[in-house]
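What follows is each chain in one-letter form.
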Amino acid sequence: MSDLDRLITLMAERRFVVLTGAGISTPSGIPDYRDSEGVRRGRAPMMYQEFLSGAALRQRYWARAMLGWPKVRQAQANVAHQALADLQARGCIDGLITQNVDGLHDQAGSTEVVELHGNLYRVLCLDCGQRLARDEVQAVMVAENPYLAGVDATQAPDGDTLLDPHFEARFKVPVCPHCHGERLKPDVVFFGENVAVPTAERAMSLAHQAQGLLVVGSSLMAYSAFRLCRAVAERGQPVVAINLGKTRGDDLLTFKLPLPCDDCLPRVVAAARLRAL
Ligand SMILES: [Zn+2]
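Since the model is a prediction, treat every value here as computed from it, not as a measurement.

Scoring rules and cut-offs
Residues numbered from 1 in each chain as written. Predicted model: local features only at pLDDT ≥ 70, side-chain atom pairs only at ≥ 80, totals over all residues. Heavy atoms only, no water. Donors = N, O, S within 2.8 Å, 3.2 Å for Na, K, Ca; no water. Tetrahedral: all angles 85-135°; square planar, octahedral: opposite > 155°, others 65-115°. Buried < 20%, exposed > 50% of the residue type's maximum accessible area, 1.4 Å probe, protein only. Core = buried A, V, L, I, M, F, W, Y, C linked by side-chain atoms within 4.5 Å. Helix = DSSP H or I, 4+ residues; strand = E, 2+ residues; numbered from the N terminus. Domains from an automatic or database assignment. Contact = heavy atoms within 4.5 Å. Buried area = accessible area lost by both parts, 1.4 Å probe. Salt bridge = Lys/Arg side-chain N within 4 Å of Asp/Glu carboxyl O. Polar contact = N/O pair within 3.5 Å; in protein donor to acceptor, adjacent residues only side chain to side chain. Nonpolar A, V, L, I, M, F, W, Y, C, P; charged D, E, K, R; others polar. Axes fitted to C-alpha atoms, helices over the stretch in contact; angles between N-to-C directions. Parallel < 35°, antiparallel > 145°, perpendicular 65-115°, else oblique. Left-handed = near helix turned anticlockwise from the far one by under 90°. Pairing = 2+ DSSP bridges.

Asks: How should I be thinking about the coordination of the zinc ion in this particular structure?
Replies: Around a metal, the perfect tetrahedron of four donors has angles of 109.5 degrees, and the perfect octahedron of six donors has angles of 90 or 180 degrees. Around the zinc ion, the protein contributes the donor atoms Cys-125 (SG), Cys-128 (SG), Cys-176 (SG) and Cys-179 (SG), at 2.3 Å from the metal centre. For the zinc ion, the 4 donor atoms in the first shell make angles of 104 to 113 degrees at the metal, a pattern classed as tetrahedral. Using a relative accessible area of 32% as the deciding quantity, one classes Cys-179 as partly exposed.

Asks: When you look at the nonpolar core in this model, what are you seeing that I'm missing?
Replies: A general feature of soluble globular proteins is that nonpolar side chains tend to end up buried together. Tyr-61, Trp-62, Phe-171 and Leu-184 are the most contacted members of the largest nonpolar core, which has 31 residues in total. At the level of secondary structure, the elements contributing two or more residues to this core comprise helix H2 (48–53), helix H3 (55–74), strand S4 (118–125), helix H6 (134–144) and strand S8 (184–188). With 8 residues, the single largest contributor to this core is H3. In terms of domain composition, this core takes at least three residues from each of domain 1 (1–30 + 77–117 + 195–277) and domain 2 (39–74 + 120–188). Aside from chain neighbours lying at most four places away, what touches Trp-62 is Phe-51, Val-123, Arg-134, Met-141, Phe-171, Pro-174, Leu-184, Lys-185 and Pro-186. Counting residues in each nonpolar core, the second largest holds 29 residues, with Leu-10, Phe-16, Leu-265 and Val-268 among its members.

Asks: Mind showing me how you'd approach the domain arrangement of the protein chain here?
Replies: By a widespread convention, an interface's size corresponds to the accessible area lost as its parts come together. Here the protein chain is described as being made up of domain 1 (1–30 + 77–117 + 195–277) and domain 2 (39–74 + 120–188). Once you take the C-alpha centre of each, domain 1 and domain 2 turn out to be 30 Å apart. Listed by partner, the interface residues are 7 residues for domain 1 and 8 residues for domain 2. Both faces combined, the contact of domain 1 with domain 2 buries some 590 Å², and carbon together with sulfur accounts for 51% of it. Counting the contacts that link domain 1 with domain 2 gives 1 salt bridge. Arg-122 serves as the salt-bridge partner of Glu-115, at 3.5 Å between the closest nitrogen and oxygen. At the junction of domain 1 and domain 2, the tally comes to 2 residue pairs in polar contact (both at pLDDT 80 or more). Each residue belonging to the side of domain 1 that touches domain 2 can be placed in one class, and the counts come to 2 nonpolar, 3 polar and 2 charged.

Asks: I would appreciate a short explanation of the packing of helix H1 (residues 3–13) against helix H10 (residues 261–276) in the present structure.
Replies: A pair of packed helices is characterised by two quantities: the angle between their axes and the separation of those axes. Viewed as axis vectors pointing N to C, H1 and H10 meet at an angle of 50 degrees, and their least axial separation amounts to 10 Å. With respect to each other, H1 and H10 are oriented oblique. Regarding H1 and H10, the two cross each other, and that crossing is right-handed. Of the residues in H10, those in contact with Leu-4, Leu-7, Ile-8, Met-11 and Ala-12 of H1 are Cys-264, Arg-267, Val-268, Ala-271 and Arg-275. Its residues assigned to classes, the contact of H1 with H10 shows 8 nonpolar, no polar and 2 charged.

Asks: How should helix H4 (residues 79–89) be read in this particular structure?
Replies: Along an α-helix, residues three or four positions apart point the same way, because every turn accommodates 3.6 residues. Most of H4 is tucked away, with 8 of its 11 residues classed as buried. For H4, the set of buried residues is Ala-80, His-81, Ala-83, Leu-84, Ala-85, Asp-86, Leu-87 and Gln-88. On its buried face, H4 is in contact with H1, strand S1 (16–20), strand S2 (93–98), helix H5 (104–108) and H10. A distance of 2.7 Å separates the backbone nitrogen of Ala-80 from a side-chain oxygen at the start of H4, and that oxygen is part of Asn-78. Phi turns positive one or two residues past the end of H4, at Gly-91, with a value near 75 degrees.

Asks: Teacher, can you tell me more about the pairing of S4 here?
Replies: On any regular strand, side chains alternate: one points to one face of the sheet, the next to the other face. Counted residue by residue, S4 has 6 buried out of 8 residues, so it is predominantly covered. Looking at chain direction, S4 and S8 are connected through 4 bridges and run antiparallel. Bridge assignment links Leu-124 to a residue of S8, and that residue is Lys-185. Here S4 pairs with strand S5 (residues 131–133) via 3 bridges, running antiparallel. Residue pairing in the sheet places Val-123 in a bridge with Leu-132 of S5.

Asks: Help me understand the sheet that holds strand S9 (residues 212–216) in this model?
Replies: Hydrogen bonds along the backbone pair up the strands of a sheet, which may run parallel or antiparallel. With parallel pairing, 6 strands are arranged side by side in an open sheet as S3-S2-S1-S9-S10-S11. Of all the strands in the sheet, the pair left with one neighbour each is strand S3 (114–115) and strand S11 (255–257). Where strand S10 (residues 239–242) and S11 come together, 3 bridges link them in parallel fashion. Note on S11: the bridge partner recorded for Ala-241 is Lys-256.

Asks: So what exactly am I meant to see when it comes to the packing of helix H8 (residues 197–209) against helix H9 (residues 223–234) here?
Replies: As a packed pair, H8 and H9 sit with axes 8 Å apart at the nearest point and diverge in direction by 25 degrees. One element, H8, and the other, H9, form an angle in the roughly parallel class. Pair H8 / H9 crosses with right-handed handedness. Contacts from Ala-200, Ala-203, Met-204, Ala-207 and His-208 of H8 reach H9 at Arg-227, Leu-228, Ala-231 and Val-232. When its residues are assigned to classes, the contact of H8 with H9 shows 7 nonpolar, 1 polar and 1 charged.

Given below as structure tokens:
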């Protein structure tokens, strides 16, 4: 029996929860933070403490993010996202947790997705706590920064981009329409920031009920994801990963499929369809 057949059999017998990471979105053109060895590549992303530390760094963040947003906004859910939405609609999985902030599970039609690291489609005001739609904040930034029209910026992970410091200094940051504060932040968990407690609790409660965990496209380097695997494995339930490289949880895995998830997951759905006939 192939490992894919083993996974299909396990998922037919047990209520699995699925945990996804950046690898599921790379076929949609969203760059990954890490290479196949699980090591971060490229420029380090802005830390939460840096973002809070001053207006100049928030100016830098938003200038780059404004240029990176169209690429994130245009990304389309791929067959792997669609396969998970299909499995959820058929009642074949018990929950979906993602480390991604790209909103592609929503776009594919998944519901009640636990977004460990938030979602770039929302913006949070750190002063008054209101949430705004990113599209609206984007429209304001574009209107107030016409000098950046047509500027080409090199794409980096999570909608961040590399931009000449000279351009950043002129950038007008978006202001909260409710309190006029200048501390708007994308509603995502930055490096150096903790996952929101209710979100972490929802994810852990799914892990505590799961009869199995399927990890898709994650190196599990983030502790918030790794601890979910450990919680499932400690209860003696199977943990399977579809991941092209090393993961921090390799020792916990029942087995791993080193295959592209956009190849594997549609085959899991095809098997579920056949069973339903
Ligand atoms: Zn506000």
